[in-house]
Amino acid sequence: MAKKKSSDKKIFVLDTSVILHDNNAIQHFDEHDVAIPITVLEELDQFKTGNSTKNYEARAFIRSFDHLSEGGMLTDWLPINGTTHGMVKVIMDQQPQFKDAEKIYDSKKADHKIINAAIKLQEEMPDRKVILVTKDINLRLKAKALDLPAEDYLTGKIKDVDKLYKGHSLKEELPTEAIDQLYESGTIDPKPIFGKEAPIHNHYYILRNTHKSTLAYSNPFSGLIERVEKRSAYGIKPKNAEQAFALHAIMQPEVRLVSIQGVAGTGKTLLALAGALEQRSAYRQILLARPIVALNNKDLGYLPGDADAKIMPYMEPLFDNLKFIKSQFSENDPASKKIDEMVENEKIVITPLAYIRGRSLSKIIFIVDEAQNLTPLEVKTIITRAGEGTKIIFTGDIHQIDTPYLDEQSNGLSYLIEKLKGQKLFAHINLEKGERSELANLATELL
């Protein structure tokens, strides 16, 4: 292949949001060059202290960039990774000759300095295409309004979220004999159903013909299609086939990682918690956690009380599910008292996700709620902390994202589903039917 001309190589200018999303971002632009505005380094300095994922990303980038600077001055173009990648340099804050973002937008914000740095580079190198890369949608719009090409950071994004793996499917026109065998023995060889096509590991099926139907899944450990029964867990009974599949995956001991995706009211967190309680004797602790997006909001500081008191309101949805499960039993029922006892003895712990850092996750069933608000790296970090005997359940709705730099394609839950589908230790179920109430279903469908 002929070597690309210098004019064919693009220059990507990275915003702070890209580096906080992926500290290794400069490695992902192939042979093209990368420019880092000095304002980005200044903003990263503000993020270098702390225990959040953003703090880790900032520190990791600063260390790697410092190592890179050993090859020369950062204001000169330096090779990123030998001959396989392009070059990188730091660009200074300078006023463009024709389009000054600070004057046009009447503000000296860091975003406008980053735009100006890219426009100045555009003016200095008219033969090269300069592109601003940012996770901030509004910054992309501002840049484009000044004729500066801008795009999202694409590494790790799922291309077609509408075709995201659902974990279950309908298979019709099956021989009645096959369904009868599933009812009689509980298992069947996949060949009469799928022929030469190998079924996906831990995939769930509604199998039916005009006379009969049953629920089943592909067991990767036995190599057979096995029948799935609608079974209850700690007083919670599945109301549809999808919920039956989700509860089955949660209670399968061989499956160590489960993800459940669905809109509000489909029962994601409730099923995860009920399944965990049903298996309480198999684990030394049940952890329920969720990310607190509002921790980045200054308004949180005005809430009364200490740090625990400030964040407890964000944990209420998890407590609500626990209360609902308790309501399935009378106050004096041993099952209800057992939940109170487990909370008191910290056998059940509800906590912000940030508090999990540094903990040992051995023989724990760990439920991570609102996982769509996590980055792919955060999801990976959680999973890699799993010790012997630990099971992790991620629940969330990829269409309800509360963080400004994530979307349906780039959030950690979508990334997890896409990357791990078909693995023996992983099962995923997409819940589509709301079961909260007729009113909630009406709002979901029409509003």
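For the structure, see preceding data.
Residues numbered from 1 in each chain as written. Predicted model: local features only at pLDDT ≥ 70, side-chain atom pairs only at ≥ 80, totals over all residues. Heavy atoms only, no water.

Colleague: Honestly, the nonpolar core in this entry has me stumped. Any pointers?
Modeller: Soluble globular proteins tend to bury their nonpolar side chains together. Counting 44 residues, the largest nonpolar core has Ile-250, Leu-277, Ile-286, Leu-288, Ile-325 and Ile-393 as its most contacted members. In terms of nonpolar packing, the next biggest core, distinct from the first, is built from 42 residues, Phe-29, Val-88, Ile-91 and Tyr-153 among them. (Core = buried A, V, L, I, M, F, W, Y, C linked by side-chain atoms within 4.5 Å. Buried < 20%, exposed > 50% of the residue type's maximum accessible area, 1.4 Å probe, protein only.)

Colleague: How do you make sense of the sheet that holds strand β9 (residues 204–208) when you look at a structure like this?
Modeller: What holds strands together in a sheet is hydrogen bonding between their backbones, with the strands either parallel or antiparallel. With mixed pairing, five strands are arranged side by side in an open sheet as β7-β9-β10-β11-β8. In the strand order of this sheet, the two ends are held by β7 (168–171) and β8 (187–188), each with one partner. Across the sheet, helix α9 (residues 241–250) touches β7, β9 and β10 (213–218), and the angle it forms with β9 is around 135°. (Pairing = 2+ DSSP bridges. Helix = DSSP H or I, 4+ residues; strand = E, 2+ residues; numbered from the N terminus. Contact = heavy atoms within 4.5 Å. Axes fitted to C-alpha atoms, helices over the stretch in contact; angles between N-to-C directions.)

Colleague: Help me understand the packing of aromatic side chains in this model?
Modeller: Each aromatic ring pair is summarised here by two numbers: the centre-to-centre distance and the angle between the ring planes. Inspection of the entire model under this criterion finds seven aromatic pairs. Considering the side-chain rings of Phe-12 and Phe-29, the 4.8 Å spacing of their centres and the 35° angle between planes classify their relative orientation as tilted. One end of the pair, Phe-12, is in strand β1 (residues 11–14); the other, Phe-29, is in the loop between α1 (16–21) and β2 (33–37), with 17 residues separating them in the sequence. The burial state of Phe-12 is the same as that of Phe-29; both residues are buried. With a centroid separation of 5.4 Å and 20° between ring planes, the pair formed by Tyr-204 and Tyr-217 is classed as stacked. With Tyr-204 in strand β9 and Tyr-217 in strand β10, this pair connects stretches of sequence that are 13 residues apart. Under the relative-accessibility criterion, Tyr-217 is labelled buried at 2%. (Phe/Tyr/Trp six-rings, centres within 6.5 Å; stacked < 30°, edge-to-face > 60°.)

Colleague: Is there a simple way to think about the pattern of salt bridges in this case?
Modeller: Where charged atoms from two side chains of opposite charge approach closely, those side chains can pair. Taken as a whole and judged by the stated rule, the model has 19 salt bridges. With a closest N to O distance of 2.8 Å, Lys-48 and Asp-45 form a salt bridge. Its salt-bridge partner being Lys-157, residue Asp-407 comes within 3.0 Å of it at the nearest N-O pair. Remark: Lys-157 occurs in the loop between β6 (150–151) and β7 and Asp-407 occurs in the loop between β16 (391–396) and α15 (412–420); sequence separation between them is 250 residues. The network of salt bridges with common partners includes Lys-135, Arg-140, Asp-152, Lys-157 and Asp-407. (Salt bridge = Lys/Arg side-chain N within 4 Å of Asp/Glu carboxyl O.)

Colleague: Is there a simple way to think about the packing of helix α12 (residues 316–326) against helix α13 (residues 334–344) in this case?
Modeller: The geometry of a pair of packed helices is captured by two quantities: the angle between their axes and the separation between those axes. Closest axis-to-axis distance for the α12/α13 pair is 9 Å, and the angle between their directions is 150°. The pairing of α12 with α13 is recorded here as roughly antiparallel in orientation. In this structure, α12 contributes Leu-322, Ile-325 and Lys-326 to the contact, and α13 contributes Ser-336, Ile-339, Asp-340 and Val-343. Residues of the contact of α12 with α13, tallied by class, amount to four nonpolar, one polar and two charged. (Parallel < 35°, antiparallel > 145°, perpendicular 65-115°, else oblique. Nonpolar A, V, L, I, M, F, W, Y, C, P; charged D, E, K, R; others polar.)

Colleague: Explain the side chain of Ser-259 here, please?
Modeller: Structurally, Ser-259 can be placed in strand β12 (residues 257–262). Once residues within four sequence positions are removed from consideration, Ser-259 is found in contact with Phe-394, Leu-413, Leu-416, Ile-417, Phe-426, Ala-427, His-428 and Ile-429.

Colleague: Before we go on, may I ask you to explain helix α2 (residues 38–47) in this structure?
Modeller: It helps to recall that an α-helix has 3.6 residues per turn; residues three or four apart then point in one direction. Every buried residue of α2 is accounted for by Thr-39, Val-40, Glu-43 and Leu-44. Buried residues along α2 cover an arc of 140° about the axis, so they all sit on one side. (Arc of directions from axis to C-beta.)

Colleague: I tried to follow the pairing of β12 on my own but got confused; where do I start?
Modeller: Remark: a regular strand shows side chains that alternate across the two faces of the sheet. Counting buried residues along β12, six of its six residues qualify, which places the element largely inside the surrounding structure. The alternating pattern of β12 places Leu-257, Ser-259 and Gln-261 and Val-258, Ile-260 and Gly-262 on opposite faces, both of which are buried. Two elements, β12 and β16, share five bridges in a ladder whose sense is parallel. By the bridge assignment for β16, Ile-260 is matched with Thr-395.

Colleague: Before we go on, may I ask you to explain the side chain of Glu-378 in this structure?
Modeller: Within the secondary structure, Glu-378 sits in helix α14 (residues 376–384). Taking relative accessible area as the criterion, Glu-378 reaches 19% and is therefore assigned buried. Within the structure, Glu-378 has its side chain in polar contact with the backbone nitrogen of Thr-375 (distance 2.8 Å). Leave out the neighbours within four places in its chain, and Glu-378 touches Thr-53 and Asn-373. (Polar contact = N/O pair within 3.5 Å; in protein donor to acceptor, adjacent residues only side chain to side chain.)

Colleague: Is there a simple way to explain the sheet that holds strand β13 (residues 285–290) in this structure?
Modeller: The six strands are arranged β14-β13-β15-β16-β12-β17 in an open sheet whose pairing can be described as parallel. Of all strands in the sheet, those with a lone pairing partner are β14 (348–352) and β17 (426–431), marking the two edges. The average angle at which neighbouring strand axes cross in this sheet is 15°, direction not considered. Looking at chain direction, β12 and β17 are connected through six bridges and run parallel. Each residue of the ladder has a partner; that of Leu-257, found in β17, is Phe-426. Sheet contacts for α9: β12, β16 and β17; angle to β17, the most-contacted strand, approximately 155°. Helix α10 (residues 268–278) rests against β12, β13, β14, β15 (364–368), β16 and β17 of the sheet, and its axis sits at about 160° to β16.

Colleague: Before we go on, may I ask you to explain a nonpolar patch on the surface in this structure?
Modeller: A contiguous nonpolar patch, built from Leu-439, Leu-442, Leu-446 and Leu-447 and spanning about 530 Å² of accessible area, is present on the exposed surface. Along the chain, Leu-446 falls in helix α16 (residues 438–446). A relative accessible area of 63% places Leu-446 in the exposed class. (Patch = residues over 30% accessible without salt bridge, like charges linked within 9 Å, V, L, I, M, F, W, Y side chains within 5 Å. Areas by Shrake-Rupley, 256 points an atom, 1.4 Å probe, with all protein chains shown as cover.)

Colleague: How should the environment of Ser-69 be read in this particular structure?
Modeller: Checked against the element boundaries, Ser-69 lands in the loop between α3 (53–68) and β3 (78–79). Considered as a pair, Ser-69 and Arg-227 are 158 residues apart in the sequence and their alpha carbons are 60 Å apart. Only 2.5 Å separates the side chain of Ser-69 from the backbone oxygen of Asp-66, close enough to count as a polar contact.

Colleague: Looking at this structure, I do not really get the pairing of β14. What am I missing?
Modeller: For β14, the buried fraction is high: five of the five residues fall into the buried class. The alternating pattern of β14 places Ile-348, Ile-350 and Pro-352 and Val-349 and Thr-351 on opposite faces, both of which are buried. When β13 meets β14, the two strands line up parallel, connected through five bridges. Within the sheet, the bridge partner assigned to Ala-289 lies in β14 and is Thr-351.

Nothing here speaks to function; it is all geometry.
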